[in-house]
Amino acid sequence: DVKVTQSSRYLVKRTGEKVFLECVQDMDHENMFWYRQDPGLGLRLIYFSYDVKMKEKGDIPEGYSVSREKKERFSLILESASTNQTSMYLCASSPGDRELQPQHFGDGTRLSIL
Amino acid sequence: AQRVTQPEKLLSVFKGAPVELKCNYSYSGSPELFWYVQYSRQRLQLLLRHISRESIKGFTADLNKGETSFHLKKPFAQEEDSAMYYCALNSGYSTLTFGKGTMLLVSP
């Protein structure tokens, strides 16, 4: 069974801090994704990655960056946290097959910026 | 541009009643559609995908290209079906565009 692990379930940070959210998957998936989930807005894609050291912007990349130094790990970075980045953050992974494969999600990190 | 519309934020039904969660999409290519479900305090998980044409937990969904719809249906709702349901559409490069979600509440 695919396991996508996010390092923290809950996180509280202060405005202006640099924040790191970590995600690890154990199924050798090529693709990894970061979403934020907000009530009434659904899931919105922040960044994704096809492979090590590769990254692509999603729909709402502003204020975020990512890092993928190893295949199993995909980090989301809030360069200077702001209160409007308070949200639930979901990490997902999927195989890099030619045919579109379902994404497997982590439990999420609920981030509060004070 | 691709878009997924779930018109209902909340759908409330009684146990045993039929359920239909609506999903409409906009996509210029050949669509691939999914339904994901998130039960209370659980991770988001795949419920079904249209190419599988299977029934999962009594739910089915048929892709209607003419109406650009992929509605999720179940003939008899159960209390354990209460959850948030998201419709999702492939948007290229293995990415998905999600709808805003519909909360299904099944009352006894």
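Before reading further, recall that the structure is shown in the block above.
Residues numbered from 1 in each chain as written. Chains lettered and ligands numbered in written order. Predicted model: local features only at pLDDT ≥ 70, side-chain atom pairs only at ≥ 80, totals over all residues. Heavy atoms only, no water.

A. Representation of the interface of chain A and chain B in the model. At the interface, 22 residues of chain A touch 18 residues of chain B. Carbon and sulfur atoms supply 53% of the area that chain A and chain B bury against each other, a total of about 1900 Å² over both sides. Of all residues in chain A, the largest losses of buried area upon contact with chain B belong to A:L43, A:L100 and A:F105, amounting jointly to 32% of the total for that side. For the pair chain A and chain B, the number of links is one salt bridge. A salt bridge links B:R43 to A:D107, with the nearest nitrogen and oxygen atoms 2.9 Å apart. Among the secondary structure elements, those contributing two or more residues to the side of chain A that touches chain B are β4 (31-38) and β5 (42-49) of chain A. Looking at the side of chain A that touches chain B residue by residue, the class counts come to 12 nonpolar, seven polar and three charged. (Contact = heavy atoms within 4.5 Å. Buried area = accessible area lost by both parts, 1.4 Å probe. Salt bridge = Lys/Arg side-chain N within 4 Å of Asp/Glu carboxyl O. Helix = DSSP H or I, 4+ residues; strand = E, 2+ residues; numbered from the N terminus. Nonpolar A, V, L, I, M, F, W, Y, C, P; charged D, E, K, R; others polar.)

B. Fine view of the nonpolar core. Counting residues in each nonpolar core, the largest one holds 24 residues, and the members touching the most others are B:W35, B:L72 and B:Y85. Elements supplying a minimum of two residues to this core: β2 (10-14), β3 (19-21), β5 (33-38), β6 (45-49), β9 (83-90) and β11 (102-107) of chain B. A total of four residues in this core trace back to one element, the largest contributor, which is β9(B). In terms of nonpolar packing, the next biggest core, distinct from the first, is built from 20 residues, A:Y47, A:V66, A:L76 and A:L78 among them. (Core = buried A, V, L, I, M, F, W, Y, C linked by side-chain atoms within 4.5 Å. Buried < 20%, exposed > 50% of the residue type's maximum accessible area, 1.4 Å probe, protein only.)

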